[in-house]
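Structure at a glance
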Amino acid sequence: PGLTPVVDGLTILTPLSGHALHRALTQPARDCGYRFEEDALVGEMIASVEGDRGALPMLAFTMAALWERRDRERGLLTREAYEELGGVSGALVQHAERAMEEIGEARHAMVRELFRNLVTGQSTRAVLDREELLSVFDADDRAVADEVLASLIDARLITSYEVKDEDGKDHSSVEIVHESLLREWPRLVRWQTQDAEGAQLRDQLRQ
């Protein structure tokens, strides 16, 4: 009862999962007169992002791309279109390249620097405090790097969320939205290959 003044009028939203996530994919299409060619396809899409903090954005990329390739005559979202995309990860890779174009080539070096610090020597995602990540840039470049990071977060290639430290203070942590980017995005794969030794060194320094 003592919390009533705090939570009155609020609705607590938990991450979508299971049936709710299934409905989030199928109901909007159904409202527009479309359906998935196979119900199993929906299950595959959900399974590919299960447990990820960026599950909903990942599926949003894929649904937008599937909608562009929809079969208008039959009112279907087809498996053929899904496979042409390369699945959920393929849709994300296409989105990543469009985001890079919007950021602009002049800032690609900063994008690379941000991503290289968010990948471990074992080619997995590293979780960093936002301020720690930005600290790799010189003071003169810090403001621009912050803008680039914000663009990557807005593009949902990097996810940002609040965590509490041991003193109970909130800190913003960031990480790459999904492991598939590390494996499937050719640009990021190339950066990882070129920076393998540097990634190992950063891991050692963090330890």
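Attention in this report is confined to the structure presented alongside it. Here the structure is a predicted model, which is why all the values come from computation and not from measurement. (Residues numbered from 1 in each chain as written. Predicted model: local features only at pLDDT ≥ 70, side-chain atom pairs only at ≥ 80, totals over all residues. Heavy atoms only, no water.)

1. Some remarks on the environment of Asp 203
Tracing the backbone through its elements, the reader meets Asp 203 in helix α12 (residues 196–206). A relative accessible area of 10% places Asp 203 in the buried class. Separated by 83 residues in the primary sequence, Asp 203 and Thr 120 have C-alpha atoms spaced 6.4 Å apart. When near neighbours in sequence (up to four residues on either side) are disregarded, Asp 203 contacts Thr 120, Gly 121 and Gln 122. (Helix = DSSP H or I, 4+ residues; strand = E, 2+ residues; numbered from the N terminus. Buried < 20%, exposed > 50% of the residue type's maximum accessible area, 1.4 Å probe, protein only. Contact = heavy atoms within 4.5 Å.)

2. Looking at the sheet that holds strand β5 (residues 170–176)
Here we have three strands laid out as an open sheet, ordered β3-β5-β4, and antiparallel in their pairing. Sheet topology places β3 (128–129) and β4 (158–164) at the edges, where each strand pairs with a single neighbour. (Pairing = 2+ DSSP bridges.)

3. What about helix α11 (residues 186–194)?
All buried positions along α11 are accounted for by Arg 187, Leu 188, Trp 191 and Gln 192. Projected onto a plane normal to the axis of α11, the buried residues spread over an arc of 135° and lie on a single side. Of the residues in α11, the exposed ones pointing more than 90 degrees away from the buried face are Pro 186 and Thr 193. (Arc of directions from axis to C-beta.)

Purely geometric stuff here, so don't read any function into it on its own.
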